[in-house]
Amino acid sequence: MDLQRLWDIPLDREAEPLSAPLRPSRSRHPLVRLRRALRLNIAYGMAISAGMAAVLYRAEGLVLHSLFLVVLGFCLWTTVDTWRLLRSVSYNVSATLPALAELKRQHGAYAKWMRVQQRVGLFIYPVSAVAGGLWGGTVGSGLTVDALLVRPSFMLIVVPLGLALTPACAWLARWMFREAFGKQLGALRGHMEQMEGPV
């Protein structure tokens, strides 16, 4: 049978339906999964920022407002910084750069973003812990912040609390970054090593 006769045979699509409906597949490529994790991170950042804004609205006193404003500013900064990273990376490798160079650029961008956020967080965690302790003290005791700050017993609780929670928060942040991004960054590193080949 020649090609022209094969071409002329009509296809009866109704006679042979597809065995299963086609579903859009979720890619397992690290770049796609990393972008998905960034979107989720932005959603969490917006939700936490909204919660912090509500707390700031309910807080009373200049001290609490100042502390919660710093924490809210950090939440907004991390969300905007994550959005910037999302715009700078893509799951489509750029055609203007070699594929390996583009993967290295994206891997470096993720690693730098994680490192900067964790380092800035080290300055915010004590502020956040003290703000939470002060707010809890005012809500629980019914006293003002000024009245609590002149009590030595309260300060003996809040200051060590801030010092103790800072390393705990830093460890938790590092663990969360590892859980959300570490596995996919490792897979991306594996792709880069395969492309580099044996050294």
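What counts, and where the lines are drawn
Residues numbered from 1 in each chain as written. Predicted model: local features only at pLDDT ≥ 70, side-chain atom pairs only at ≥ 80, totals over all residues. Heavy atoms only, no water. Axes fitted to C-alpha atoms, helices over the stretch in contact; angles between N-to-C directions. Helix = DSSP H or I, 4+ residues; strand = E, 2+ residues; numbered from the N terminus. Parallel < 35°, antiparallel > 145°, perpendicular 65-115°, else oblique. Left-handed = near helix turned anticlockwise from the far one by under 90°. Nonpolar A, V, L, I, M, F, W, Y, C, P; charged D, E, K, R; others polar. Expected span 1.5 Å × (residues − 1). Bend = angle between axes of the 7 residues up to and from the residue. Buried < 20%, exposed > 50% of the residue type's maximum accessible area, 1.4 Å probe, protein only. Contact = heavy atoms within 4.5 Å. 1 Å grid on protein atoms, 1.4 Å probe; cavity = no way out; pocket = protein on both sides within 12 Å on 5 of 7 lines; lining within 4 Å. Points joined across faces, edges and corners; volume = space filled by probe spheres on them. Core = buried A, V, L, I, M, F, W, Y, C linked by side-chain atoms within 4.5 Å. Salt bridge = Lys/Arg side-chain N within 4 Å of Asp/Glu carboxyl O.

(A) Highlighting the packing of helix α4 (residues 99-141) against helix α6 (residues 152-196). Their axes nearest at 8 Å, the elements α4 and α6 cross at an angle of 165°. With respect to their mutual orientation, α4 and α6 come out roughly antiparallel. In this structure, α4 crosses over α6, and the sense of that crossing is right-handed. In terms of residue class, the contact of α4 with α6 is made up of 25 nonpolar, seven polar and four charged.

(B) Summary view of α6. With 45 residues, α6 should cover 66 Å at 1.5 Å per step; its first-to-last C-alpha distance of 62 Å lies within 8% of that length. Taken as a whole, α6 carries its principal kink of about 50° at F181. Residues of α6 that are buried include every one of F154, V158, G162, T166, A170, A173, F177, F181, Q184, L185, L188 and M192, and no others. Structurally, α6 contributes buried residues whose contacts are with α2 (30-58), α4 and α5 (145-149).

(C) Region of interest: the packing of helix α3 (residues 62-88) against α4. Closest axis-to-axis distance for the α3/α4 pair is 9 Å, and the angle between their directions is 165°. Considering their axes alone, α3 and α4 lie roughly antiparallel with respect to each other. Handedness of the crossing formed by α3 with α4: left-handed. Here the contact of α3 with α4 is built from residues that sort into 20 nonpolar, eight polar and two charged.

(D) Seen up close, the layout of surface pockets. Size it by volume and the largest pocket reaches roughly 800 Å³. In this structure, the largest pocket is lined by 25 residues; those nearest its centre are N41, I48, F74, A173 and M176. The set of elements that each furnish at least two residues to the lining of the largest pocket consists of α2, α3, α4 and α6. Approximately 290 Å³ is the volume attributed to the second largest pocket. Lining the second largest pocket we find 15 residues, and of these E60, L64, T138, L143 and V145 sit closest to its centre.

(E) The nonpolar core, seen in detail. Counting residues in each nonpolar core, the largest one holds 17 residues, and the members touching the most others are L38, Y110, W113 and F181. Elements with a contribution of two residues or more to this core: α2, α3, α4 and α6. Residues M52, V55, A131 and F154 belong to the second largest nonpolar core, which totals 16 residues.

(F) Geometry of the environment of I48. Looking at the secondary structure, you find I48 in helix α2. Spatially, the C-alpha atom of I48 lies 9.0 Å from that of L76, the residues being 28 residues apart in sequence.

(G) Region of interest: the side chain of T79. Residue position: T79 is located in helix α3. On the basis of relative accessibility, which here comes to 11%, the residue T79 falls in the buried class. The contact partners of T79, leaving out residues within four places of it in the chain, are I42, G45, M46 and S49.

(H) Summary view of the pattern of salt bridges. Evaluated as defined, the whole model comprises two salt bridges. The salt bridge involving D81 is made with R84; its shortest N-O contact spans 3.9 Å. Remark: R84 and D81 occur in helix α3; sequence separation between them is three residues, near one turn of the helix. Across the salt bridge formed by R105 and E102, the nearest N and O atoms sit 2.9 Å from each other. Taken together, the residues span about one helical turn, with R105 and E102 both in helix α4 at a distance of three residues. Classification of E102 as buried rests on a relative accessible area of 4%.

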